[in-house]
Amino acid sequence: MIRYSVQCSQGHVFDEWFSNSADYDVKAAAGEIACPDCGDHQISKAIMAPSVAKSAAAPAAACPVSGCAGGGCPFSGGH
Ligand SMILES: [Zn+2]
């Protein structure tokens, strides 16, 4: 079993269990998934794992040089 966070066209996000990823595709295409809040059948996968997106967008390590203002700091190329 696999759990997906899915979202209806009204923006309601909820979790559903599926046998596998193909099971999701079949049920979504057949309109067998209904939003528990509004009953909408237009379901798509919600954007998942905000922690992953967060780490991917994490800024570069701060410059360790005392007094460095940051902007224009060449730390990424080596202080
Ligand atoms: Zn809904």
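Further up the page is the structure itself.
The text that follows walks through the structure, step by step, so that each part is easy to find. All values derive from a computational prediction rather than experimental measurement.

### Description of the coordination of the zinc ion
Inference 1: Coordination of the zinc ion by the protein is provided by Cys-8 (SG), His-12 (ND1), Cys-35 (SG) and Cys-38 (SG), with metal-donor distances spanning 1.9 to 2.3 Å.
Inference 2: All donor residues of the zinc ion come from one chain, and their arrangement in sequence is C-x3-H-x22-C-x2-C. In this pair, Cys-8 sits in strand β1 (residues 2–8) while Cys-38 sits in the loop between α1 (21–30) and β3 (43–45), placing the two residues 30 residues apart along the sequence.

### A look at the packing of aromatic side chains
Inference 1: With the rule as written, the count across this model stands at three aromatic pairs.
Inference 2: When the centroid spacing of 5.8 Å and the interplanar angle of 45° are considered together, the rings of Tyr-4 and Phe-18 count as tilted. Separated by 14 residues along the polypeptide, Tyr-4 in strand β1 and Phe-18 in strand β2 (residues 13–18) bring together distant segments of the chain. For the pair shown, Tyr-4 and Phe-18 are each scored as buried.
Inference 3: Measuring from centroid to centroid gives 5.3 Å for Phe-18 and Tyr-24, while their planes differ by 90°, and the two rings are edge-to-face.
Inference 4: The exposure class of Tyr-24 is buried, given its relative accessible area of 7%.
Inference 5: When the ring centre of Tyr-4 is taken as origin, the NZ or CZ atom of Lys-45, which lies over that ring, is 4.3 Å away.

The rules behind the values
- Residues numbered from 1 in each chain as written.
- Predicted model: local features only at pLDDT ≥ 70, side-chain atom pairs only at ≥ 80, totals over all residues.
- Heavy atoms only, no water.
- Donors = N, O, S within 2.8 Å, 3.2 Å for Na, K, Ca; no water.
- Helix = DSSP H or I, 4+ residues; strand = E, 2+ residues; numbered from the N terminus.
- Phe/Tyr/Trp six-rings, centres within 6.5 Å; stacked < 30°, edge-to-face > 60°.
- Buried < 20%, exposed > 50% of the residue type's maximum accessible area, 1.4 Å probe, protein only.
- Lys NZ or Arg CZ within 6 Å of the ring centre and 35° of its normal.

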